[in-house]
Amino acid sequence: MTHPFLAAFNRCEAMLKPSVARFGEVTMTDVLTAILAGQAQIWEGEGGVIVTQLVKTDQGGVIHGWLCGGKRQAILDLIPGVEAFGRAWGCVAATQEGREGWKRVMAPLGYSGDGPLLRKAL
């Protein structure tokens, strides 16, 4: 029996490759290992994917958008579900790591910040 997250990863692998290549510190194998170990979550949409991690901080839990790929609108369509998942797990914030252009795209959704890390209170 194939692990359901392995099937999702296989469907989304091509969309994630550019993000992993830009990140430079991880490989596709690292991402898959984290997903299968329950250390990361994969969110698959029609034409987009987000990989998140639940992170504990001194202020509380954070759902962190680690990697994403695919069509911009498809990625944005996944964010409400990611945020709801974070709230259900007691997260106090959502963060998104990405290129500078995401700052403008994420601002209407309540995200702000300097540099590659954007943050929104949940």
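Residues numbered from 1 in each chain as written. Predicted model: local features only at pLDDT ≥ 70, side-chain atom pairs only at ≥ 80, totals over all residues. Heavy atoms only, no water.

**A closer look at the pairing of strand β4 (residues 91-97)**
- Among the seven residues that make up β4, five are buried, leaving the element largely enclosed by the rest of the structure.
- Read from strand β3 (residues 60-70) through helix α3 (residues 72-88) to β4, the crossover connection turns out right-handed.
- The pairing of β4 with strand β5 (residues 117-121) spans five bridges and is antiparallel. Within β5, the position partnered with E97 by the bridge is L117. (Buried < 20%, exposed > 50% of the residue type's maximum accessible area, 1.4 Å probe, protein only. Helix = DSSP H or I, 4+ residues; strand = E, 2+ residues; numbered from the N terminus. Right-handed = clockwise from strand over helix to strand, strands pointing away. Pairing = 2+ DSSP bridges.)

**What about the layout of surface pockets?**
- In this model, the largest pocket occupies a volume close to 330 Å³.
- Elements with a minimum of two residues in the lining of the largest pocket: α1 (4-23), β3, α3 and β4. (1 Å grid on protein atoms, 1.4 Å probe; cavity = no way out; pocket = protein on both sides within 12 Å on 5 of 7 lines; lining within 4 Å. Points joined across faces, edges and corners; volume = space filled by probe spheres on them.)

**A word on the side chain of S19**
- By the secondary structure assignment, S19 is in helix α1.
- The contact partners of S19, leaving out residues within four places of it in the chain, are L67 and C68. (Contact = heavy atoms within 4.5 Å.)

**Some points on the nonpolar core**
- Counting 17 residues, the largest nonpolar core has F9, V31, I42, V51 and W66 as its most contacted members.
- Every element with two or more residues in this core is listed here: α1, α2 (28-36), β2 (48-57) and β3.
- Look past the residues within four positions of I42 in its chain and what remains in contact with it is F5, A8, F9, C12, I35, V49, I50 and V51.
- The next biggest cluster of nonpolar side chains, apart from the first, holds 16 residues, and it includes I50, L76, L78 and Y111. (Core = buried A, V, L, I, M, F, W, Y, C linked by side-chain atoms within 4.5 Å.)

**As for the confidence of the model for the chain**
- Looking at the chain, the pLDDT average stands at 93 and 99% of residues meet or exceed 70.
- By mean pLDDT, helix α4 (residues 101-106) is the weakest element of the chain at 90, and α3 is the strongest at 97. (pLDDT = per-residue confidence, 0-100.)

**A few points about the pattern of salt bridges**
- Applying the stated criterion across every chain, the model contains four salt bridges.
- The shortest N-O distance in the salt bridge between E44 and R11 comes to 2.8 Å. In this pair, E44 sits in strand β1 (residues 41-45) while R11 sits in helix α1, placing the two residues 33 residues apart along the sequence.
- For R87, the salt bridge identified is with E83, shortest N-O distance 3.9 Å. One end of the pair is R87 and the other is E83, both in helix α3 and four residues apart, which spans about a single turn.
- Accessibility expressed as a relative area gives 42% for R87, which makes it partly exposed.
- The structure contains a network of salt bridges with shared partners spanning E83, R87 and K120. (Salt bridge = Lys/Arg side-chain N within 4 Å of Asp/Glu carboxyl O.)

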